[in-house]
Amino acid sequence: MPSISRDEVAHLARLARLAVTEDELDLFAGQLDVILQAVARVGELATSDVPPTSHAVPLTNVFREDVLRPGLRQQQALAGAPAAEAGRFRVPRILGEE
Amino acid sequence: MNDLIRSTAAELAAQIHAGEVSAVEVTQAHLDRIAQVDTAVHAFLHVDTEGALAAARKVDADRVAGQQPASALAGVPLALKDVLTTEGVPTTCGSKMLEGWIPPYDATVTRRLREAGVVILGKTNMDEFAMGSSTENSAYGPTHNPWDLDRIPGGSGGGSSAALAAFESPLSIGTDTGGSIRQPGSVTGTVGVKPTYGTVSRYGLVAFSSSLDQAGPCARTVLDAALLHEVIGGHDPLDSTSIDRPLPPVVAAARQGADGDLSGVRIGVVREFAGEGYQAGVLASFTAAVDQLRALGAEIVEVSCPSFTYALSAYYLIAPSEASSNLARFDAMRYGLRVGGDDPSLSAEDVMSLTREAGFGAEVKRRIMIGTYALSSGYYDAYYGSAQKVRTLITRDFDAAFEQVDVLVSPTTPTTAFKIGERVDDPMAMYLSDLCTIPSNLAGNASLSVPSGLAEEDGLPVGLQIMAPAMEDHRMYRVAAAYEVARDAAQGGPLIHRVPEVSV
Amino acid sequence: MDYAEVVERFDPVLGLEVHVELSTNTKMFCGCPTTFGAEPNTQVCPTCLGLPGALPAVNGKAVESAIRIGLALNCEIAAWCRFARKNYFYPDQPKNFQTSQYDEPIAFNGYLDVVLEDGEVFRVDIERAHMEEDTGKSLHVGGATGRIHGADYSLLDYNRAGVPLIEIVTKPLEGAGERAPEVAKAYVSALRDLLRALDVSDVRMDQGSLRCDANVSLKPKGQAEFGTRTETKNVNSLRSVERAVRFEMCRQGAVLAEGGRIVQETRHFDESSGSTSAGRTKETAEDYRYFPEPDLAPVAPSTEWVEELRATLPELPWERLKRIQGDWQLTDAELRDLVNAGAVDLIAATVDAGSSPAEARRWWVAYLTQQANTRGIELVELSITPVQVARVIELVNGGSLTNTMAKDVVDGVLAGEGSPDEVVEGRGLKVVSDDSALEAAVDEALAAQPDVAEKIRSGKVQAAGAIVGAVMKATKGQADAKKVRDLVIARCGG
Ligand SMILES: [Mg+2]
Ligand SMILES: [Zn+2]
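Everything numeric in this text was worked out from a predicted model, so none of it was measured.

**Q** Would you take a moment to explain the coordination of the magnesium ion (ligand 1) for this structure?
**A** All names here are of chain C. Those donors, E132 (OE), E132 (OE) and E167 (OE), are the protein atoms that reach the magnesium ion (ligand 1), and they lie 2.0 to 2.6 Å from it. Of this pair, E132 sits in strand β7 (residues 121-133) while E167 is found in strand β10 (residues 164-170), placing the two residues 35 residues apart along the sequence. Exposure class is identical for E132 and E167. Each is buried.

**Q** Hey, could you run me through the interface of chain A and chain B in this one?
**A** When the parts of a complex come together, some accessible area is lost, and that lost area is often taken as the interface size. In this complex, chain A contributes 56 residues to the contact, which on the side of chain B involves 62 residues. Both faces considered, chain A and chain B share a buried interface measuring about 5000 Å² in area, 68% of it formed by carbon and sulfur atoms. In this structure, B:K365 engages A:E24 in a salt bridge whose closest nitrogen and oxygen atoms are separated by 2.7 Å. Seen at the junction of chain A and chain B, the total is 18 residue pairs in polar contact (both at pLDDT 80 or more). Contributing elements (two or more residues each) for the side of chain A that touches chain B: α1 (6-15), α2 (22-39), α3 (42-45) and β3 (88-92) of chain A. Ranked by residues supplied to the side of chain A that touches chain B, first place goes to α2(A) with nine residues. Along the lines of polarity and charge, the residues of the side of chain A that touches chain B split into 38 nonpolar, ten polar and eight charged.

**Q** Looking at this structure, I do not really get the layout of surface pockets. What am I missing?
**A** Sizing a probe to match a water molecule and rolling it over the atoms shows the empty space that remains. All names here are of chain C. Size it by volume and the second largest pocket reaches roughly 1800 Å³. Elements represented by at least two residues in the lining of the second largest pocket include exactly β6 (107-115), α3 (180-198), α4 (238-257), α6 (317-328), α7 (332-340) and α8 (344-352). Top element by residues in the lining of the second largest pocket is α3. It accounts for ten residues. Formed jointly, the lining of the second largest pocket draws a minimum of three residues from each of two domains, domain 1 (3-309) and domain 2 (315-427).

**Q** What should I look at first to understand empty space enclosed by the protein in this one?
**A** According to the stated counting rule, one finds five cavities of 30 Å³ or more in the structure shown. Roughly 170 Å³ of volume is contained in the largest cavity. If you trace the largest cavity, you find 18 residues lining it, with B:R329, C:A54, C:K95, C:F97 and C:D295 closest to the centre. Counted by class, the lining of the largest cavity contains eight nonpolar, five polar and five charged residues. What the second largest cavity holds in volume is close to 110 Å³. Together, 14 residues line the second largest cavity, and C:C48, C:K95, C:E133, C:A161 and C:G162 are the ones closest to its centre. Of the residues that constitute the lining of the second largest cavity, the class distribution is six nonpolar, five polar and three charged.

**Q** Explain the sheet that holds strand β2 (residues 84-85) of chain A to me, please; I cannot follow it from the model alone.
**A** Here four strands make up an open sheet; going across it, the order is β2(A)-β3(A)-β9(C)-β8(C) and the pairing antiparallel. Pairing within the sheet leaves two strands with one partner each, and these edge strands are β2 of chain A together with β8 (137-141) of chain C. Where β3(A) lies against strand β9 (residues 153-157) of chain C, four bridges are found, and the strand directions are antiparallel. Among the inter-strand pairings, A:F89 is bridged to a residue of β9(C), identified as C:L156.

**Q** Is there a simple way to think about the pattern of salt bridges in this case?
**A** Oppositely charged side chains are able to pair whenever their charged atoms sit close together. The full count for this structure, using the stated rule, is 57 salt bridges over all chains. One salt bridge in this structure joins B:E501 and B:R33, with 3.0 Å as the shortest N-O distance. With a gap of 468 residues between them, B:E501 in the segment after α17 (473-491) and B:R33 in helix α3 (residues 23-41) connect regions that are remote in the sequence. On the basis of relative accessible area, B:R33 is assigned to the buried category, the value being 3%. Among the ionic pairs, C:E242 bridges to C:K185, the shortest N-O distance being 3.8 Å. One end of the pair, C:E242, is in helix α4; the other, C:K185, is in helix α3, and 57 residues separate them in sequence. Classification of C:K185 by relative accessible area gives partly exposed; the value is 30%. Within the structure, one salt-bridge network assembled from shared partners comprises B:R202, B:D239, C:R85, C:E293 and C:D295.

**Q** In this structure, what is going on with α17(B)? I would like to understand it.
**A** Along an α-helix, residues three or four apart share an orientation, since each turn contains 3.6 residues. Residues and elements named next belong to chain B. Taking 1.5 Å of rise per residue, the 19 residues of α17 would be expected to cover 27 Å, and the 27 Å separating its terminal C-alpha atoms lies within 8% of that figure. All buried positions along α17 are accounted for by D473, M476, Y477, V479, A480, A481, A482, Y483, E484, A486, R487 and D488. Downstream of α17 by a residue or two, G492 has a phi angle that is positive, lying close to 75°.

**Q** What am I meant to see in the pairing of strand β5 (residues 191-194) of chain B here?
**A** Along any regular strand, the residues point their side chains to alternate faces of the sheet. All names here are of chain B. By the alternation rule, side chains of β5 split into V191 and V193 and G192 and K194, which are all buried. With two bridges connecting them, β5 and strand β6 (residues 215-219) associate as antiparallel partners. Bridge pairing in β6 links V191 to A219.

**Q** Can you help me understand the coordination of the zinc ion (ligand 2) in this one?
**A** Residue and element names in this part refer to chain C. Around the zinc ion (ligand 2), the protein supplies C30 (SG), C32 (SG), C45 (SG) and C48 (SG) as donor atoms, at distances of 2.3 to 2.4 Å. Coordination at the zinc ion (ligand 2) comes from four donor atoms whose angles at the metal span 100 to 116°, giving a geometry best classed as tetrahedral. Written as a sequence motif, the donor arrangement for the zinc ion (ligand 2) is C-x1-C-x12-C-x2-C. Separated by 15 residues along the polypeptide, C30 in the loop between β1 (10-21) and β2 (58-59) and C45 in the loop between β1 and β2 bring together distant segments of the chain. For C45, a relative accessible area of 9% translates into the label buried.

**Q** Help me understand the interface of chain A and chain C in this model?
**A** Facing the 35 residues of chain A at the interface are 59 residues of chain C. Summed over both sides, the interface between chain A and chain C buries roughly 3900 Å², with carbon and sulfur atoms accounting for 57% of that surface. Between chain A and chain C we count zero salt bridges in total. Our enumeration of links across chain A and chain C arrives at 22 residue pairs in polar contact (both at pLDDT 80 or more). Elements represented by at least two residues in the side of chain A that touches chain C include exactly β1 (63-64), α4 (74-78) and β3 of chain A. Among the residues making up the side of chain A that touches chain C, the classes are represented as 16 nonpolar, eight polar and eleven charged.

**Q** Looking at this model, I keep getting lost on the packing of aromatic side chains. Mind explaining?
**A** The description of an aromatic ring pair rests on the distance of the ring centres and on the angle between the ring planes. Residues and elements named next belong to chain B. Within this structure, the stated rule accounts for 23 aromatic pairs over all chains. Judged by centre distance (5.9 Å) and plane angle (40°), the rings of W101 and Y335 are tilted. Note that W101 is positioned in the loop between β2 (77-81) and α5 (108-115) and Y335 in the loop between α11 (311-326) and α12 (348-359), a separation of 234 residues in sequence. Look at W101 and you get buried, because its relative accessible area is 4%.

**Q** For this particular structure, what's the right way to read the UniProt feature "active site" (unreviewed entry) in chain B?
**A** Residues and elements named next belong to chain B. Per the UniProt record, "active site" (unreviewed entry) is annotated on K81, S156 and S180. For the residues just named, distributed over 100 residues, the greatest C-alpha separation is only 10.9 Å, placing them together at one site. Mapped onto the fold, S156 is located in the loop between β3 (119-124) and α6 (158-165). Every residue in contact with S156, bar those within four places of it in the chain, is listed here: K81, N125, M126, D127, A130, M131, G132, S133, T135, T175, S180 and P184. Here K81 takes part through its side chain, which lies 2.7 Å from a polar atom of the side chain of S156.

**Q** Looking at this structure, how should I read the nonpolar core?
**A** Buried together is how nonpolar side chains tend to be arranged in soluble globular proteins. Ranked by size, the top nonpolar core spans 199 residues in total, and within it B:L113, B:F129, B:I466 and B:Y477 carry the most contacts. If you tally residues by element for this core, the top one is α11(B), at nine residues. Those residues in contact with B:L113 that lie beyond four places of it in its chain are B:L78, B:L80, B:V118, B:I120, B:I173, B:L228, B:V231 and B:I232. C:V6, C:L71, C:A244 and C:C250 belong to the second largest nonpolar core, which has 73 residues in total.

About the criteria used
- Residues numbered from 1 in each chain as written.
- Chains lettered and ligands numbered in written order.
- Predicted model: local features only at pLDDT ≥ 70, side-chain atom pairs only at ≥ 80, totals over all residues.
- Heavy atoms only, no water.
- Donors = N, O, S within 2.8 Å, 3.2 Å for Na, K, Ca; no water.
- Helix = DSSP H or I, 4+ residues; strand = E, 2+ residues; numbered from the N terminus.
- Buried < 20%, exposed > 50% of the residue type's maximum accessible area, 1.4 Å probe, protein only.
- Contact = heavy atoms within 4.5 Å.
- Buried area = accessible area lost by both parts, 1.4 Å probe.
- Salt bridge = Lys/Arg side-chain N within 4 Å of Asp/Glu carboxyl O.
- Polar contact = N/O pair within 3.5 Å; in protein donor to acceptor, adjacent residues only side chain to side chain.
- Nonpolar A, V, L, I, M, F, W, Y, C, P; charged D, E, K, R; others polar.
- 1 Å grid on protein atoms, 1.4 Å probe; cavity = no way out; pocket = protein on both sides within 12 Å on 5 of 7 lines; lining within 4 Å.
- Points joined across faces, edges and corners; volume = space filled by probe spheres on them.
- Domains from an automatic or database assignment.
- Pairing = 2+ DSSP bridges.
- Expected span 1.5 Å × (residues − 1).
- Tetrahedral: all angles 85-135°; square planar, octahedral: opposite > 155°, others 65-115°.
- Phe/Tyr/Trp six-rings, centres within 6.5 Å; stacked < 30°, edge-to-face > 60°.
- UniProt positions renumbered as here; feature names shortened; annotations may be inferred.
- Core = buried A, V, L, I, M, F, W, Y, C linked by side-chain atoms within 4.5 Å.

In structure tokens:
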């Protein structure tokens with residue numbers, strides 16, 4: 001099936017927030033193509049009457065009581081932060097919105 | 001070589017609990033051994049000398065105070081794969097992304113080890129974020145196989161397996177997503193167990209592929225693995241995929257198996273795991289092991305699991321897909337590496353992309369991109385969706401097989417340890433290392449690797465894989481323990497004692 | 001474009017997405033508190049900070065709330081459903097995916113009947129209600145106004161990250177025509193009342209515990225297929241909902257009338273100008289790569305559980321109105337007026353405090369509505385409580401206050417002079433019930449107007465009014481008029 005292009009690899013890298021280099025684009029395009037060709041054979045077995053399995057163990061309704069559990073102190077929460085200010089994580093300016 | 005470091009965990013525990021040796025002495029002996037050989041082996045990313053000695057002192061103090069040991073393994077040293085969080089002790093997952101990160105919390109496995117009085121020596125090397133089969137993908141350099149320092153110790157848990165084979169620790173913890181406990185066990189002549197999915201908590205296990213990851217015990221004997229299994233296993237409400245049922249009786253099974261009688265046990269040989277791509281010495285060792293099992297009284301049946309040949313493909317879609325999502329959190333905002341943070345012209349998005357580019361190695365990036373592709377709109381059904389259907393078929397093959405037999409066996413991995421660097425540029429060749437181990441990850445059942453001897457052509461260890469139904473882990477322990485006794489008797493002593501002394 | 005022209009040429013189609021923060025003790029997937037306004041990053045743990053290795057665990061109470069909301073919205077409840085990961089990178093989202101639900105929502109296919117001000121009922125079909133988690137909050141530093149654009153850097157607080165959200169999505173809402181903005185507002189308002197009755201959320205739009213996104217598109221009259229829609233985000237008051245829809249209709253109408261095309265995009269509503277501005281377009285929108293959440297077990301509510309929860313549903317707002325209409329014996333129009341005046345709850349509370357519905361209603365819709373109007377505020381904003389109104393009514397009924405005095409008392413309460421009893425005390429408002437004093441006053445008045453007294457004596461009872469008036473004046477209104485009248489007639493041999 002796939003013949004994955006450089007542009008597609010670039011698109012995937014953007015989606016995955018990876019600032020890949022030009023050299024990597026070439027390398028990954030080749031490798032991804034080989035891997036995806038190989039794994040595409042899952043389609044041979046996957047007929048419509050086979051239900052998909054998302055979880056290895058068939059559990060349902062695993063719920064927690066709505067009871068407080070001690071968390072982290074502010075200082076612990078921020079201890080691993082690359083930068084912090086005023087009790088908050090300091091990050092570079094955010095583009096766009098959500 | 002100091003006898004303490006060659007002892008089994010069970011022997012050490014007995015001596016410590018009887019007061020014949022102190023936990024501190026045992027710990028110090030292992031710390032000394034690490035200091036002596038780890039420059040050559042590189043099993044450890046971090047040695048927690050102070051923490052280990054403090055834990056050992058506590059065990060000794062408790063004993064002196066007349067208290068019962070906290071567990072059957074209280075005072076015994078252990079090497080912890082660096083993918084499990086340790087409060088106050090660095091956890092890197094073998095990645096530059098987490099260099100210097102000190103978690104503010106313990107994984108449940110870590111907590112249970114501490115509560116059991118097990119002495120955590122340090123954190124072991126691994127393929128970055130557990131992605132690999134050789135430990136060459138560690139950002140901190142490869143681990144070397146003590147049987148031959150030019151060879152890989154398996155992966156991703158190569159640090160944990162090498163630490164055992166180099167006598168740096170009698171016990172270690174690994175995590176197995178596609179074989180990362182069993183395959184390193186196989187190539188280092190050690191025992192590695194992937195418990196039933198959901199029986200060892202994943203809380204604090206830095207996720208690679210959530211529906212496949214399972215932590216498990218690694219040791220030099222089957223009984224030691226069982227003892228460790230009981231320390232770390234059991235229900236945990238912090239992991240919603242944890243099974244709320246009593247742990248299978250693995251220690252009792254290992255002790256029962258040591259009697260050496262397997263009459264009445266039906267063992268299935270998986271037809272699909274042989275032939276092309278399998279090293280002759282691996283197949284020969286496997287055949288000898290099957291004969292050995294028959295001699296112990298087991299009934300041997302050939303079983304076909306046709307979907308297993310699709311397992312590798314399904315795995316290399318499911319695992320990267322989940323990984324692409326699990327590893328999204330490494331974004332330079334809250335913890336870990338940040339690249340370009342000082343440049344005011346860069347946005348948060350720029351810094352994320354630059355950091356992830358710099359912080360992740362090639363294999364991790366490759367898998368993130370495969371997973372991103374497989375989950376994309378338009379491709380989901382053909383890739384991720386189909387892989388999940390294959391997963392159903394593999395589970396059905398297991399179910400059908402376990403109608404006929406009690407356990408299944410196969411070689412753990414098609415070849416013995418390959419040379420460092422040999423498969424680095426060929427991802428597909430590397431992926432074949434996990435051919436036989438992956439089905440159990442996809443189906444979630446229990447599976448282990450026990451050494452079956454050395455391959456004739458290269459004198460390197462071969463592993464026998466034994467697979468059991470979910471929640472029937474004790475079955476494979478019984479078979480493995482029986483086989484271990486027979487193997488040692490036939491081969492004139494424990495296989496692990498034939499590992500050459502590490503030349504430093 | 002002029003609104004009248006828009007609705008003449010186009011049919012609007014709306015889609016409303018409401019996010020409700022649940023008022024559970026703890027977050028959706030961890031045991032951290034959900035209280036609003038805490039110090040930054042003090043209500044966090046490894047799970048809601050997205051630390052490596054941490055795992056989610058579903059809050060059972062949140063699932064219960066989701067099911068109850070679904071039932072109240074007349075939805076079907078899924079027999080089996082899963083959480084899914086919605087993958088996109090954004091710094092306020094600790095894991096860079098949101099744990100949400102995708103193609104398997106917990107509740108689906110429902111409706112909510114919305115009553116407009118004139119009593120017309122508009123049925124809004126509900127597509128789905130699903131469970132998810134909230135994001136953290138960012139603070140943009142530097143730049144001109146603390147806004148995201150032009151900021152130097154941002155500061156993140158994850159206290160809100162992981163707070164349980166229920167997202168309620170309508171089906172495309174057609175046929176509202178010119179009333180579309182009104183329907184949108186009435187829908188959000190009805191939903192808010194419903195959620196409040198269920199006691200599942202604070203429903204504070206000002207604090208963000210109820211947030212609305214409005215999808216709007218126009219299609220030329222007679223055309224079957226929908227036009228391209230825009231999604232206006234975070235419209236954060238009832239009034240804004242109405243304004244935003246109306247603005248978007250006018251804006252799109254103008255674009256289409258000039259032969260232009262609507263771009264599928266998110267838009268932002270600006271409260272001060274009442275206008276929307278363009279955000280992200282569809283072309284740059286993320287591919288969310290949804291897949292089932294492997295860390296969480298599927299949710300499979302049994303029929304018994306669902307029925308148990310159905311039994312816990314309180315009287316829902318529309319059921320209550322129906323009951324009240326019967327209890328208070330109101331016509332449809334009377335009920336509608338009370339609803340529109342925002343008086344139903346106030347009257348009901350006054351009735352609960354012991355007054356009759358008729359008396360309670362009379363006070364609230366007559367004198368108090370007048371007072372609110374004079375002050376230019378809503379009825380509910382008057383500084384008098386239903387309990388205080390009930391006390392005034394009680395004092396009148398017990399004969400301690402005349403109606404005139406009662407209004408004085410209410411004025412005093414509104415003026416902040418204290419409770420009704422304190423005002424009575426403070427203003428010296430006491431009915432003169434001392435019979436000898438009243439008799440003296442009556443005799444005095446009769447003596448002052450002998451001709452009138454004579455008329456009464458001769459049987460012209462209606463003449464008594466002049467004497468009563470004089471007595472009331474003499475007693476500064478503190479006498480009971482009826483009593484005075486009886487006394488006058490008695491004194492004149494009646
Ligand atoms: Mg949503
Ligand atoms: Zn939390």
